Amino acid sequence: MASSEAGVEPAARLRGDLVLPGDKSISHRALMLALLAGGETRIAGAGDGADVRSTAGIVRALGAAVTRSPGRAGNVDYVVNSPGATAIHQPATGLDCGNSGTTMRLFAGILAGLPVEATLDGDASLRGRPMGRVIDPLRAMGADVDGSGSDGARAPLRIAGRSRLSAMVYATPMPSAQVKSAVLLAGLAAEGTTQVRESIRTRDHTERMLRARAVTVRSARSEAGANAVEIDGPATVGAVDQDVPGDPSAAAFWLVAGAIHAQAELRLRGVGVNPTRHAIIDLLRQMGASIDEEGAPDDGVGEPIADLVVRSSSLRSIEVQPAETAAAIDEIPALCLAATQAQGRTLIRGAGELRHKESDRIAGIVEGLSRLGARIAADGDDIVIDGPTALRGTSVDSFDDHRLALTFAIAGLIATGSTTIRGADSVAISYPTFFADLERIRS
Ligand code: S3P
């Protein structure tokens, strides 16, 4: 992505209502499951970030007709007409996952059990990210998957799909919904029961969405006390329309903005409040943030939503345990910003997975917030922040990482002077309307 700059000036007030991008995790899965289901699926309010577009492009390359039309608040409504899992097309060219780890890892699981040969590739950031975490379990299920790079565990991934895989019991070595999902999706093509165990619970959208599509997915507890999820294969995915809730990971930036700004009241409409995505709300509340959750009806396919109202708050430090860090993994950069305004020392434990995201997010957040005047340091896999500190605007680098760019833009709203974000275009990975939303609610 070409490096672009954006400037953010401090805001006198933050006021208004926002409808957020459709949840990225759910948008990806809705498109992928529409491909597997066959027939027609309607998806309303999908996020229109570059990552979800990458997934839609691959669904098309595999033989589905995908039409898009404008949805609510800059989101997209998709209609997918698919020939179904067993009739997907041999792709003519390599499949481009762009910047999206979810696209690459979940499609690796899907393609491992389908009768096509495919190559999954991505941008420089994605080519640098670890893929051994999906290659290893998929091979153990009998998949023919090869990675690249000196360790053979990077993209591009070459997959010669098989129509039958072997079921297995797999304990994920790191907390990762992407790894869990890749194995479960491969389990659709396996003979017998595939079980995934995780010692730290991760987001459960794949499980919920498969269940809603008539696949039997059981929750269990393994002898070791880990959460376990089981799927019986081979299984067929049904076609179910999906209304995509607002993305709680996008909401997190506004929850932090509202809490740390002295004159703020923001209402975020229709946000997903799935319990496995709720940790950021719980953690900010523990810090003293005023966040009200006003219930709205369930979307009907198992993903709860609510309106969130956040008001200016006085924050105190907290200690975040590894399981909470994993549950709020995408929101940790925003949480670090909140901690710079909290009284006392905030300790975020077990954040090592952040080093394997679109950039090394521990290095990037420490560098950027330090430049803005925060007292923040990495201590191994932990992050330590002493607050409160006044932030002063300067130039900061997002390393083309959307979640860092978004965090620094929010910091600019409370910093003195101007904040310039390098690589600000990266916000379009998950939140293309961010700067327009910022202008709408600031004065
Ligand atoms: C995601 C899982 C998480 C998260 C990513 C989306 C998903 O990644 O960081 O933004 O949709 O399953 P990991 O599973 O690699 O932690």
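Engineer: Could you clarify how one ought to interpret the sheet that holds strand 4 (residues 65-70) in this entry?
Structural biologist: Each strand in a sheet pairs with its neighbour through backbone hydrogen bonds, running either in the same direction (parallel) or in the opposite one (antiparallel). Strand order in the open sheet formed by 4 strands is 4-5-3-15, and the pairing between neighbours is mixed. Edge positions in the sheet fall to strand 4 and strand 15 (242-243), since each has one partner strand and no second. Across the face of the sheet, helix 2 (residues 50-61) comes into contact with strand 4 and strand 5 (76-82) while running at roughly 145° to strand 4.

Engineer: Quick question: what am I supposed to make of the pairing of strand 4 here?
Structural biologist: Side chains on a regular strand alternate between the two faces of the sheet. Two strands pair when backbone bridges link them, and strand 4 and strand 5 are joined in this way by 6 bridges, in the antiparallel orientation. Paired with V66 across the bridge in strand 5 is V80. Taking the residues that link successive antiparallel strands as the turn, the strand 4-strand 5 hairpin has 5 residues, and the phi of A73 there is positive, at about 50°.

Engineer: Please explain the packing of helix 5 (residues 132-140) against helix 6 (residues 177-187) as it appears in this structure.
Structural biologist: Two measures define how a pair of helices packs: the angle their axes make with one another and the distance between the axes. In the contact formed by helix 5 and helix 6, the axes pass within 9 Å of each other and the chain directions differ by 30°. With respect to their mutual orientation, helix 5 and helix 6 come out roughly parallel. Our pair here, helix 5 against helix 6, has a crossing hand that is right-handed. Taken together, the residues of helix 6 that come into contact with helix 5 (itself represented by R133, V134, P137 and L138) are V179, A182, V183 and A186.

Engineer: So what exactly am I meant to see when it comes to the confidence of the model for the protein here?
Structural biologist: Averaged over every residue, the pLDDT of the protein is 96; residues scoring 70 or more account for 97%. Across the protein, the secondary-structure element scoring lowest on mean pLDDT is strand 13 (residues 217-221), at 88, and the one scoring highest is helix 11 (residues 332-340), at 99.

Engineer: Explain the nonpolar core here, please?
Structural biologist: Here is a general trend for soluble globular proteins: nonpolar side chains tend to be buried in one another's company. Ranked by internal contacts, the top residues of the largest apolar core, which has 75 residues, are W254, L284 and I383. Take this core: its biggest share by element is 10 residues, from helix 8 (residues 248-260). Leaving out residues up to four positions away in the same chain, W254 has contacts with L18, L20, L266, L268, V310, I410, Y431, F434, D437, L438 and I441. Core analysis: the next-biggest nonpolar cluster, separate from the first, contains 67 residues, V52, L114, V116 and L165 among them.

Engineer: Looking at this model, I keep getting lost on empty space enclosed by the protein. Mind explaining?
Structural biologist: Any empty space left between the atoms is revealed when a probe the size of a water molecule rolls over them. Inspection of the entire model under this criterion finds 1 cavity of 30 Å³ or more. Of the pockets and cavities examined, the largest cavity occupies roughly 30 Å³. Lining the largest cavity are R29, M32, L33, L106, L185 and T206. At 3 residues, helix 1 (residues 24-37) tops the list of elements feeding residues into the lining of the largest cavity. Its residues placed into classes, the lining of the largest cavity shows 4 nonpolar, 1 polar and 1 charged.

Engineer: Please clarify how the packing of aromatic side chains should be interpreted in this entry.
Structural biologist: Geometry of an aromatic ring pair is reported as the spacing of the ring centres plus the angle between the planes. Under the criterion given, the structure shown has 3 aromatic pairs. The interplanar angle of 25° and the centroid separation of 5.3 Å between the aromatic rings of W254 and F434 together place this pair among those described as stacked. Of this pair, W254 sits in helix 8 while F434 sits in helix 14 (residues 434-441), and the two are 180 residues apart along the sequence. Look at F434 and F435: their rings are 5.1 Å apart centre to centre, the planes differ by 75°, and that puts the pair in the edge-to-face class. Accessibility expressed as a relative area gives 0% for F434, which makes it buried.

Engineer: Looking at this structure, how should I read the side chain of D386?
Structural biologist: Within the fold, D386 resides in strand 22 (residues 382-387). Separated by 3.0 Å, the side chains of D386 and R345 make a polar contact. Setting aside chain neighbours within four positions, we find D386 in contact with G344, R345 and R375.

Engineer: Explain the site of the ligand here, please?
Structural biologist: Lining the immediate environment of the ligand, one finds S25, R29, T102, R105, P175, S176, A177, Q178, R203, I329, D330 and K357. With respect to the ligand, the side chain of S176 contributes an N or O atom lying 2.8 Å from an oxygen atom. Within the side chain of D330, a nitrogen or oxygen atom sits 2.6 Å from an oxygen atom of the ligand. In the complex, the protein chains occlude 94% of the 380 Å² of accessible area that the ligand would expose alone. Placement of the ligand is best described as lying within the largest pocket. Among the elements of the structure, helix 1, helix 3 (101-112) and helix 6 are those that each provide at least two residues to the shell around the ligand. For the shell around the ligand, the residue count by class is 3 nonpolar, 4 polar and 5 charged. Taken together, domain 1 (5-21 + 245-441) and domain 2 (24-243) each give at least three residues to the shell around the ligand, which thus spans both.

Engineer: Even after reading the chapter, I still don't get helix 1, so can you show me in this structure?
Structural biologist: Every α-helix winds through 3.6 residues per turn, so residues three or four apart in the chain are directed the same way. Its 14 residues place the ends of helix 1 20 Å apart at the C-alpha level, agreeing with the 20 Å of an ideal helix rising 1.5 Å per residue. Between the side-chain oxygen of the N-cap and the backbone nitrogen of S25 there are 2.9 Å, and the N-cap of helix 1 in question is D23. At the exit of helix 1 stands G38, carrying a positive phi of roughly 80°.

Basis of the calculations
Residues numbered from 1 in each chain as written. Predicted model: local features only at pLDDT ≥ 70, side-chain atom pairs only at ≥ 80, totals over all residues. Heavy atoms only, no water. Pairing = 2+ DSSP bridges. Helix = DSSP H or I, 4+ residues; strand = E, 2+ residues; numbered from the N terminus. Contact = heavy atoms within 4.5 Å. Axes fitted to C-alpha atoms, helices over the stretch in contact; angles between N-to-C directions. Parallel < 35°, antiparallel > 145°, perpendicular 65-115°, else oblique. Left-handed = near helix turned anticlockwise from the far one by under 90°. pLDDT = per-residue confidence, 0-100. Core = buried A, V, L, I, M, F, W, Y, C linked by side-chain atoms within 4.5 Å. Buried < 20%, exposed > 50% of the residue type's maximum accessible area, 1.4 Å probe, protein only. 1 Å grid on protein atoms, 1.4 Å probe; cavity = no way out; pocket = protein on both sides within 12 Å on 5 of 7 lines; lining within 4 Å. Points joined across faces, edges and corners; volume = space filled by probe spheres on them. Nonpolar A, V, L, I, M, F, W, Y, C, P; charged D, E, K, R; others polar. Phe/Tyr/Trp six-rings, centres within 6.5 Å; stacked < 30°, edge-to-face > 60°. Polar contact = N/O pair within 3.5 Å; in protein donor to acceptor, adjacent residues only side chain to side chain. Near = heavy atom within 4 Å. Areas by Shrake-Rupley, 256 points an atom, 1.4 Å probe, with all protein chains shown as cover. Sits in = over half its atoms within 2 Å of the grid points. Domains from an automatic or database assignment. Expected span 1.5 Å × (residues − 1).

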